[in-house]
Amino acid sequence: MLNVLRELKSSSASSFYWLAAFLFLLFPSIYVIYLLDSFIKTEQNAQKNEIRQSFTGTLHSNTVNLSNHWINLEKSTLLQNSLPGNILTQTGADSVIIHDKKGKMTFPVTFDEKASLSFLFSNELQNIIIRSKEQPAAQTAKEYLELSRVTEKPTEVAIALIEAARAYEEAGQKVNALEICSKLMFIDKFKNVRDTKNNLILLEAKFIFLKLEPKRSHKFTEVLADLVFMLSSYDAPQITTEQRLNLSQKITSTFPDIFLPLSKAEKIALDLIKHTPNPDRRNILLKTKLKNYWQYTVNGRVTLIYSEDTLQEQLLSTLELAEIPDKTIISLVPPDEKNTDSIVSTEAAYRMPGWRLSLNFIDPLHLKGLIDERVKIYRMTSSLIIGFSLLMGLILLRDMKKKVQLADLKNNLVANVTHELKTPLASSRILLDTLLLHENIPKQKLQDYIRHLSTENNRLCNLVEHFLAFSKLDKNQYTFQIKTTSLDELIDYLEEAINGRFVKERRRIDIECIEENVFLNADIQALVTVLLNLIENALKFSDETEKVKLNIEKRDLNKLSFTVSDKGIGIPPKQLNQIFLRFFQTDSRLSKEQGGCGLGLSIVKTVLDAHQTKVAVSSKLNKGSQFSFQLPIIKEAL
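Residues numbered from 1 in each chain as written. Predicted model: local features only at pLDDT ≥ 70, side-chain atom pairs only at ≥ 80, totals over all residues. Heavy atoms only, no water.

K.L.:
What exactly am I supposed to notice about the packing of helix α10 (residues 218–232) against helix α11 (residues 241–254) here?
P.N.:
A pair of packed helices is captured by two measures, namely the crossing angle of their axes and the spacing between those axes. Contact geometry for α10 and α11: axes closest at 10 Å, N-to-C directions at 140 degrees. Taken together, the axes of α10 and α11 are oblique relative to one another. Classified by chirality, the crossing of α11 by α10 is left-handed. When α10 is examined against α11, the residues L227, M230, L231 and S232 are found in contact with a partner set consisting of R244, L247, S248 and I251. Of the residues that constitute the contact of α10 with α11, the class distribution is five nonpolar, two polar and one charged. (Axes fitted to C-alpha atoms, helices over the stretch in contact; angles between N-to-C directions. Helix = DSSP H or I, 4+ residues; strand = E, 2+ residues; numbered from the N terminus. Parallel < 35°, antiparallel > 145°, perpendicular 65-115°, else oblique. Left-handed = near helix turned anticlockwise from the far one by under 90°. Contact = heavy atoms within 4.5 Å. Nonpolar A, V, L, I, M, F, W, Y, C, P; charged D, E, K, R; others polar.)

Here's what the structure looks like:
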């Protein structure tokens, strides 16, 4: 089909027929495909509507379950009076923010500079702080310890002692550091002392003690348990979230076996407060400024914070999955996510604005499988119609091809025969009329006239031979006599044909053959015709002073190469793929002057195709051309 279309397209006389045939095939096929697509879409919509009607009730019953989940949270009294750890355990939330009845945030406990302890450091304490940057740690520790004995401010005493312990730790004097930490831990007046950032100094002393005390000691175990309990407890005195997170991180880094479960929850709450100092406390599910985190506030006081994964897991666990049909899955779709493949979709719950409850097939192709059974008949029908259209189109195109080829052949043949025969006949007639009109023609002139008549006669004979050969080959009436032939016999036939055909140009033809006793399978007459046509073209398109060479040589052990080369005008690169077409001429002006109808190379290609070989062409403008082909060698004559 493609070859037929390509040949029709290349013919100048077939444009209208080619376009008509193309449209004949195109429009019915498009219309059938359009109908098939419409039928499939109709079936898909029908299937989806049936599924929606059967599954809608299931979704609505589950939206009630989602609403009840949030209502039960509202009714929970435990949420109003429990500590953060209990709330997280009860609700399964990732974090929580708690406000009291007056709207003050009680968890997480953040540092409030206005409410922090405010006092002025004494000049002596400030001087020690400045000197500590330049003097040895041991000296600094002694100065802090001395200050703790003379100052009257409890907070300054505690600060001086904790800084002295840190300085002794830095100086490597563990005993002194442990002694100070023990004093801070076990003297009641330091129990609730805080620094200027509202952090309990007691906790800092306990951590330093744990770093310095041997791990196997009884005191180490006791202090570690006490510190972990204080960090895990949310009873008074309250620890600021910043201090709790800081110490929790230090403890888990120093003692990897210790696990503080609420540290992650407290960090989430603190990050949310930093992004949103005054969070929205409406009792609906809202997206926070933390990526993939949502919040829901119960009674305006307890704000539960969920990651999207946790939220999905909890809410889906409230659904009645037993009622979900086989091969389907129910999912919750957030407001900013699209779900175009859902079978049925409905609003999740009035407390979850923008969320949708969606039902999908587990396998996206399942719906297609349900529809395929119903559309098989449409596919079969459309295939038959398209196949019938293509078959009829092929028959039409083949018929058109034959008619167009026949018309082109007739037109080209008549035009070329008329033109090519007219020139030698006209020349011969003029020469004969001249001879008849003049009785006493000089001998030399008479010989010139006779020689011109012979040349025109040869030209006429060559044209007739080309036309006859072309006609036989085109109608498949020529039978190739391919048989074992010696190269010497081929050369003899070729030289005889050259001497008879190229009398005037014989001196310009060189034949070089370095092989002997070589045998080929070939039609010797057809092969001679091929070589004569190549030589004739080389002579025609090269200067009269340049020679044409025919080289016959072995390229390898199994093949014999024939190469005809000249130093003529060459062939334009764009025409290399066209020179073997019938009636094609590279230089029509030169062809008119020297004769030719554009059939020589077409005959060459046809003969070589019959010998199952190809002709290779290489050419450069104004530097000449080279035509070559190869034939297999027969080792012994049969």
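Having put the structure on the table, let's press on.
K.L.:
Would you explain the nonpolar core in this entry?
P.N.:
Burial of nonpolar side chains together is a common tendency in soluble globular proteins. Grouped together as the largest cluster of nonpolar side chains are 46 residues, with contacts concentrated most on I180 and L184. At the level of elements, α5 (123–131), α6 (137–150), α7 (154–171), α8 (174–186), α9 (201–212), α10 and α11 are the ones that each hand at least two residues to this core. Among the elements that take part in this core, α7 stands out by supplying 10 residues, more than any other. The residues touching I180, leaving out its near neighbours within four places in the chain, are L145, L161, A164, A165 and Y168. Counting residues in hydrophobic clusters, the runner-up holds 41 residues, among them F502, I571, L599 and I603. (Core = buried A, V, L, I, M, F, W, Y, C linked by side-chain atoms within 4.5 Å. Buried < 20%, exposed > 50% of the residue type's maximum accessible area, 1.4 Å probe, protein only.)

K.L.:
Teacher, can you tell me more about α9 here?
P.N.:
Each full turn of the α-helix corresponds to 3.6 residues, which orients residues three or four apart in the same direction. Look at α9: 17 Å from first C-alpha to last across 12 residues, which is about the 16 Å you get at 1.5 Å a residue. Judged by how many residues are buried, α9 sits mostly within the fold: 11 of 12 residues are covered. Every buried residue belonging to α9 is among I201, L202, L203, E204, A205, K206, F207, I208, F209, L210 and L212, and all of these are buried. Where α9 is buried, its residues contact α7, α8, α10 and α11. (Expected span 1.5 Å × (residues − 1).)

K.L.:
Explain the pattern of salt bridges here, please?
P.N.:
The final tally for this structure, using the stated rule, is 13 salt bridges. The partner of K206 in a salt bridge is D226, and the shortest N-O contact between them spans 2.7 Å. Taken together, the residues K206 in helix α9 and D226 in helix α10 connect sequence positions 20 residues apart. Overall, D226 belongs to the partly exposed group, its relative accessible area being 29%. Through salt bridges with shared partners, a single network forms among E124, R131 and E143. (Salt bridge = Lys/Arg side-chain N within 4 Å of Asp/Glu carboxyl O.)

K.L.:
I tried to follow the pairing of strand β11 (residues 519–522) on my own but got confused; where do I start?
P.N.:
The side chains of a regular strand alternate between the sheet's two faces. Side chains of β11 alternate between two faces, with L520 and A522 buried and F519 and N521 left unburied. In the sheet, strand β9 (residues 483–486) pairs with β11 via four bridges, with the strands oriented antiparallel. Directly across from T485, in β11, lies its bridge partner L520. Of the pairings in the sheet, the one linking β11 to strand β15 (residues 624–634) comprises two bridges and is antiparallel in character. Opposite L520, over in β15, you have I633 as the bridge partner. (Pairing = 2+ DSSP bridges.)

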